[in-house]
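# Fold and contact review
If you want the building blocks of each chain, they are given just below.
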Amino acid sequence: MREPTLEHYQTAARQLSPVPYLVSDAGIEPWEPPAGHPARPIVNKTAPHLAAVECGQQKAMLDDLLRKAGEDVYVAGHTLMQRPDGSLWSWAPWVKQVTNGLLPRADLVAFGDNDDPDAHFTVTWEDASRLAGHALHEEAGHDPPRWRHRGWPDNDTLALLRAHAVPLPPSG
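Everything in this summary refers to the structure shown in the same document. Residue positions are given per chain, counting from 1 as you read along its sequence in written order. This being a predicted model, a pLDDT of at least 70 is required before a residue's local features are given, and a value of 80 or more before pairs of side-chain atoms are given or counted; all residues contribute to the totals for chains, interfaces and linings. Side-chain figures throughout are based on the complete set of non-hydrogen atoms in the structure, without hydrogens or water.

## Things to note about the overall build of the protein chain
For clarity, the cut-off: Elements are defined by DSSP. Helices are runs of H or I of four residues or more, strands are runs of E of two residues or more, and each kind is numbered from the N terminus. The classification of residues rests on relative accessible area computed with a 1.4 Å probe and restricted to protein chains. Under 20% of the type maximum is buried, over 50% is exposed, and intermediate values are partly exposed. Throughout, a residue-residue contact means that at least one pair of heavy atoms, one from each residue, lies within 4.5 Å.
Looking only at helices and strands, the protein chain features four helices and ten strands. Mapped in sequence order, the helices and strands of the protein chain form the string α-β-β-α-β-β-β-β-β-β-α-β-β-α. When the backbone C-alpha atoms are referred to their principal axes, the protein chain occupies close to 50 × 40 × 35 Å. Among the 172 residues that make up the protein chain, the fraction classed as buried is 40%. Within the protein chain, counting contacts between residues at least 6 apart in sequence, those at least 24 apart form 52% of the total.

## Side note on the packing of aromatic side chains
Heads up, the condition is: Two rings from Phe, Tyr or Trp (for Trp, the six-membered ring) form a pair when their centres are within 6.5 Å of each other. A pair whose planes differ by under 30 degrees is stacked, one over 60 is edge-to-face, and the rest are tilted.
Counted according to the given criterion, the structure contains four aromatic pairs. By the ring-pair criterion, three or more aromatic residues cluster together here, those being Trp94, Phe111, Phe121 and Trp152.

## Some remarks on the sheet that holds strand S6 (residues 101-104)
Put simply, the rule is: Strand pairing is assigned whenever DSSP detects at least two bridges linking the two strands.
Strand order across the open sheet formed by four strands is S3-S6-S10-S9, with mixed pairing between neighbours. Each end of this open sheet is capped by a strand with a single partner; those strands are strand S3 (74-75) and strand S9 (137-139). In the sheet, S9 pairs with strand S10 (residues 146-149) via three bridges, with the strands oriented antiparallel. Paired with His137 across the two strands is Arg148, which belongs to S10.

## Thoughts on the packing of helix H3 (residues 125-132) against helix H4 (residues 155-163)
The condition is simple: For helices, the fitted line uses only the C-alpha atoms of the stretch in contact; every axis is such a line through C-alpha atoms, and the angle between N-to-C directions lies from 0 to 180 degrees. Roughly parallel means an angle under 35 degrees; roughly antiparallel means over 145; roughly perpendicular covers 65 to 115; every other angle is labelled oblique. By definition, turning the near helix anticlockwise from the far helix through less than a right angle yields a left-handed crossing, and turning it clockwise yields a right-handed one. In the scheme used here, Gly and all other residues not listed as nonpolar or charged are polar, with Ala, Val, Leu, Ile, Met, Phe, Trp, Tyr, Cys and Pro taken as nonpolar and Asp, Glu, Lys and Arg as charged.
Running from amino to carboxyl end, H3 crosses H4 at an angle of 155°, the nearest separation of the two axes being 10 Å. Taken as axis vectors, H3 and H4 run roughly antiparallel relative to one another. When you trace H3 past H4, the crossing you get is right-handed. On H4, the residues touching Asp127, Ala128, Leu131 and Ala132 of H3 are Thr157, Leu160 and Leu161. Of the residues assigned to the contact of H3 with H4, the class counts are five nonpolar, one polar and one charged.

## Regarding the nonpolar core
We count it as follows: In this text, buried Ala, Val, Leu, Ile, Met, Phe, Trp, Tyr and Cys residues form a nonpolar core when linked through side-chain atoms within 4.5 Å.
Ranked by internal contacts, the top residues of the largest apolar core, which has 17 residues, are Trp94, Leu103, Val109, Phe111, Phe121, Val123 and Leu161. Breaking this core down by element, the ones donating at least two residues are strand S5 (88-95), strand S7 (108-112), strand S8 (121-124), H3 and H4. Element by element, the count of residues in this core is highest for H3, at four residues. Setting aside residues up to four positions removed in sequence, Val123 forms contacts with Asp107, Leu108, Val109, Phe111, Ala128, Leu161, His164, Ala165 and Val166.

## Some remarks on the pairing of S5
S5 sits mainly inside the fold: seven of its eight residues count as buried. Of the strand pairs in this sheet, strand S4 (residues 79-82) and S5 are connected by four bridges, and their pairing is antiparallel. Within S5, the residue paired with Gln82 across the bridge is Leu88. Alignment of S5 against S7, held across five bridges, turns out to be parallel. For Trp91, the partnering residue across the bridge sits in S7 and is Leu108.

## Remarks on the pattern of salt bridges
Counted only if it meets this: Only one rule defines a salt bridge in this text: a Lys or Arg side-chain nitrogen within 4 Å of an Asp or Glu carboxyl oxygen.
What the rule picks out here adds up to seven salt bridges. A salt bridge links Glu139 to Arg148; the shortest N-O distance between them is 3.1 Å. Bridged by salt links that share partners, the residues Asp64, Arg67 and Lys68 form one connected network.

## Regarding the environment of Leu161
Tracing the backbone shows Leu161 in helix H4. Sequence separation of Leu161 and Ala60 is 101 residues, and the distance between their C-alpha atoms is 29 Å. Beyond its immediate sequence surroundings of up to four residues, Leu161 is in contact with Phe111, Phe121, Val123, Asp127, Ala128, Leu131, Ala132 and Pro153.

And the structure:
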């Protein structure tokens, strides 16, 4: 039943969260089926889909708001990809030529230089945050959260990031 619900969520004009929730004495929390539960594969897709849709709507709103305010800010996209096994992963770009950017949280951060296509590499969000955290500052008032960066990491930080580079997962 979750697969049709997820498909409906993606095409609905007014989207409600596709994530299943559990009501308990502690409150409302996302439901995570136990390992081996037949609903687990589809439930594991709901949170990434929710994040992608919310980040996309936020990007469109911020792009419009910043353009109207005359601010030159690159609002990075949040791209959702599917592996051959059906599981999902996401990425967001950090581009050298961007001097004022807002980055969403994603599984991977893709570092790129428009002047040197061979210089592209990816790291996990955790490594980007840990190694280049001094260049990323969480912006208040954004939900989902966004991190501001004003330029490119220095050479020492880039060397550390490259040392932690990971390959892009296969897409299917």
